[in-house]
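# Breakdown of the fold
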Amino acid sequence: MADALTDAIDRIRVVQGDITREAVDAIVNAANSSLLGGGGVDGAIHRVAGPELLAYCRTLGGCPTGQARITPGFHLPARWVIHTVGPVWHGGQRGEDDLLASCYRESLRQAVAHDVRTIAFPQISTGVYHFPLERACAIAAREVAAGLARSPLLAEVRLVCFTADGFAAARQAVRELA
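Scope of this entry: the structure provided in the associated data block. (Residues numbered from 1 in each chain as written. Predicted model: local features only at pLDDT ≥ 70, side-chain atom pairs only at ≥ 80, totals over all residues. Heavy atoms only, no water.)

### A few points about the pattern of salt bridges
Our working rule: Every case where a carboxyl oxygen of Asp or Glu lies within 4 Å of a side-chain nitrogen of Lys or Arg is listed as a salt bridge. Strands are runs of DSSP state E lasting at least 2 residues, helices are runs of H or I lasting at least 4, and numbering of each runs from the N terminus. Think of it in three bands: residues with accessible area under 20% of the maximum for their type are buried, residues over 50% are exposed, and the middle band is partly exposed, with areas taken using a 1.4 Å probe on protein chains only.
As enumerated under the stated definition, the model contains nine salt bridges in all. Across the pair glutamate 106 and arginine 109 runs a salt bridge whose closest N-O atoms are separated by 2.9 Å. With glutamate 106 and arginine 109 both in helix α4 (residues 96-113) and three residues apart, this pair spans about one turn of that helix. Using a relative accessible area of 16% as the deciding quantity, one classes glutamate 106 as buried. For the salt bridge of arginine 142 with glutamate 143, the shortest nitrogen-to-oxygen distance reads 3.2 Å. On the accessibility criterion, glutamate 143 (8% relative accessible area) is buried. When salt bridges that share partners are traced, they join Arg13, Glu22, Glu156 and Arg158 into one network.

Below you can see the structure in the form of structure tokens.
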């Protein structure tokens, strides 16, 4: 098992940048439950993907917290967008950790089902949903590594951080897995 975990960790890349510019098979959108766009990464993805993304999302009927839905990427460099709805932080007593972990598991499940080999995640729920950054990064690193260990066809998972603080926290969380 240690070899599988080491191999999985080696396939995780932590990068600082704009997820809408990632040239991967799929990017993950930290969406709201309507899937109809919003602020932060969600708004940026909708702007770059174009109005076709909004039109497609209208056909999906939303998405519950902890689940994921997939759409074409339209005008993005990524072929797919996997939309997941992270939990709003309420102090950690309402299942927020489990819901966030589910976002990563369900997004990876969608990726594998659609033959995705490279995928980029934003830092789900750490913006306006106020999930504590270090805690969210630890959950992300753990779930991504486990998903990679289960899915050898996934060649690379990028954890794309918009801020320097986010980058440092994600990098530390991945280091702590080893």
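### Regarding the sheet that holds strand β4 (residues 80-85)
Applicable threshold: Criterion used throughout: strands pair if DSSP finds at least two bridges between them. To obtain each axis, a line is fitted to C-alpha atoms, and for helices this fit is confined to the stretch in contact; angles are then taken between N-to-C directions over 0 to 180 degrees. Contacts are residue-level and defined by heavy atoms, with any inter-residue pair within 4.5 Å sufficient.
Ordered in space as β1-β6-β5-β2-β4-β3, the six strands form an open sheet in which the pairing is mixed. The sheet is open, and its two borders are formed by β1 (12-16) and β3 (68-72), each paired with just one other strand. Across the sheet, the axes of successive neighbouring strands diverge by a mean angle of 25°, strand direction being ignored. Taken together, the two bridges between strand β2 (residues 26-31) and strand β5 (residues 118-121) define a ladder with parallel strand orientation. Opposite isoleucine 27, over in β5, you have alanine 120 as the bridge partner. Along the sheet, helix α6 (residues 164-177) makes contact with β1 and β6 (156-161), crossing β1 at roughly 165°.

### Remarks on unusual backbone geometry
Phi is positive for aspartate 115, which is not a glycine, with a value near 55°. Structurally, aspartate 115 is set in the loop between α4 and β5.

### Re the packing of aromatic side chains
Just so we agree on the cut-off: When the centres of two rings from Phe, Tyr and Trp lie within 6.5 Å, Trp using its six-membered ring, the rings pair. Their planes under 30 degrees apart give stacked, over 60 give edge-to-face, and anything left gives tilted.
Using the criterion set out here, one finds three aromatic pairs in the structure. Aromatic side chains tryptophan 89 and phenylalanine 131 sit 4.8 Å apart centroid to centroid with 65° between the ring planes, which places their arrangement in the edge-to-face category. Here phenylalanine 131 lies in the loop between β5 and α5 (133-150) and tryptophan 89 lies in the loop between β4 and α4, a separation of 42 residues in the sequence.

### Thoughts on the nonpolar core
Short version of the rule: Remark: nonpolar core denotes a set of buried residues (Ala, Val, Leu, Ile, Met, Phe, Trp, Tyr, Cys) joined through side-chain atoms within 4.5 Å.
Residues Ile82, Ile119, Phe121, Ile124, Val144, Val157 and Leu159 are the most contacted members of the largest nonpolar core, which totals 39 residues. The element that contributes the greatest number of residues to this core is α5, accounting for eight residues. Isoleucine 82 has contacts with Ala26, Ile27, Val28, Asn29, Ala68, Arg69, Ile70, Ser107, Gln110, Ala111 and Ile119, leaving out every residue within four places of it along the chain. One finds Ile27, Leu35, Leu53 and Cys57 within the second-largest nonpolar core, a separate group that totals 16 residues.

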